Amino acid sequence: MLINIIMSDKTLENKVAVVTGAGRGIGKEIAKQLASKGAKVICVSRSENSCGAAAEEIRAEGFQAEAMAVDVADGQAVNAACEKILEAHGTVDILINNAGITKDGLILRMSDDDWYNVLNTNLSSCFHWCKGLLRPMTKKRWGRIVNISSVVGKIGNPGQVNYGAAKAGMLGLTKCLAREVASRNITVNAVLPGFTTTDMTDALGEEIIKEATKMVPLKRFGTVNEVAGLVSYLCSEEAGYMTGKDFSIDGGMVM
Ligand code: NAP
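All figures in this text were calculated on a predicted structure; none of them were measured in a lab.

> What's the story with the sheet that holds strand β2 (residues 40–45) in this structure? I'm lost.
Backbone-to-backbone hydrogen bonds pair the strands of a sheet. The strands run either parallel or antiparallel. An order of β3-β2-β1-β4-β5-β6-β7 is seen for the 7 strands of this open sheet, with the pairing classed as parallel. Each of the sheet's edge strands pairs with one partner strand only, and the pair in question is β3 (65–69) and β7 (246–249). Between one strand and the next, the sheet's axes are offset by a mean angle of 20°, whatever the strand orientation. Lying on the sheet, helix α2 (residues 25–36) is in contact with β1 (16–20), β2, β4 (94–97), β5 (143–148) and β6 (186–193); it crosses β1 at an angle near 170°. Here helix α4 (residues 75–89) sits on the sheet and contacts β1, β2 and β3; the angle it forms with β3, its principal contact strand, is near 155°.

> Before we go on, may I ask you to explain the nonpolar core in this structure?
In a soluble, globular protein the nonpolar side chains are often hidden away together inside. Counting 35 residues, the largest nonpolar core has Val18, Val44, Leu95, Trp129, Ile145 and Leu177 as its most contacted members. Secondary structure elements with two or more residues in this core: β1, β2, α4, α5 (112–140), α7 (161–181) and β6. Broken down by element, the residue count for this core peaks at 9 residues, all from α5. Look past the residues within four positions of leucine 177 in its chain and what remains in contact with it is Cys130, Leu134, Ile145 and Val188. Membership of the second largest hydrophobic core comes to 29 residues, among which are Ile30, Cys43, Ala55 and Val224.

> Where do I start with the environment of asparagine 117 in this structure?
Residue placement: asparagine 117 occurs in helix α5. Overall, the relative accessible area of 35% leaves asparagine 117 in the partly exposed class. Considered as a pair, asparagine 117 and alanine 73 are 44 residues apart in the sequence and their alpha carbons are 7.2 Å apart.

What counts, and where the lines are drawn
- Residues numbered from 1 in each chain as written.
- Predicted model: local features only at pLDDT ≥ 70, side-chain atom pairs only at ≥ 80, totals over all residues.
- Heavy atoms only, no water.
- Pairing = 2+ DSSP bridges.
- Helix = DSSP H or I, 4+ residues; strand = E, 2+ residues; numbered from the N terminus.
- Axes fitted to C-alpha atoms, helices over the stretch in contact; angles between N-to-C directions.
- Contact = heavy atoms within 4.5 Å.
- Core = buried A, V, L, I, M, F, W, Y, C linked by side-chain atoms within 4.5 Å.
- Buried < 20%, exposed > 50% of the residue type's maximum accessible area, 1.4 Å probe, protein only.

The analysis is restricted to geometry; functional conclusions fall outside its scope.
Set out below in structure tokens:
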């Protein structure tokens, strides 16, 4: 315990972080890792129960977290949430755009709703959160934005034109914004997970998981801990010279 305290990395002390999709999976683990480094984390998810439980779990470990239920697909709701967060905390230093959904189907069978829901949840949300929270970062001349994209945005996947378009769009947004805000010492990067064990991949079923594993050179799915470790590094002081980049973390699927 004493060694843990002495060795503990508190380099994000006094930073305020917003993590979307923090109720479960990758987002929850990112929230935990940032909080364990001292950040005060606002856990955003769709349902009050989900982000509430995640924030409670983080607080129970002795770190700082609070919950906020926001439908990130609703631009006006995101704008209102940004105002509320800035009013309450005065600033935000770190933004992780992680909330995402899939609504798979071949294009000829894909409904307009499934197209727009996936675009709004995964991509437009990113625009609204970045726009809503950028100002304090520019004033402080320090900020970290990490957008959780996917290898699908880079190499494609049949049945996911909506998801692939949204995730590729996040890469474009990342690179353009990185150039816009570099002079303010704000870094903007994208992380592209491959298959990572969460509720999202559990929904694929055993047979598809077995087939998918064969496509991965490392022959296994990644863990939320591995993805969150990369994100947490990108939020650190040491990562200050990396911006506009996309980092695949996928067991070797994209080389
Ligand atoms: P997950 O387990 O399904 O969790 C998704 C999280 O996003 C949940 O907390 C959910 O909220 C939240 N969310 C979804 N729609 C939302 C909305 N409209 N408003 C607010 N919050 C919303 O997903 P995951 O596997 O951790 O994936 C996280 C991110 O990584 C996603 O962007 C995904 O596309 C990306 N990714 C995942 C994989 C993978 O293999 N898992 C691979 C590549 C990329 P509730 O908890 O309230 O439902």
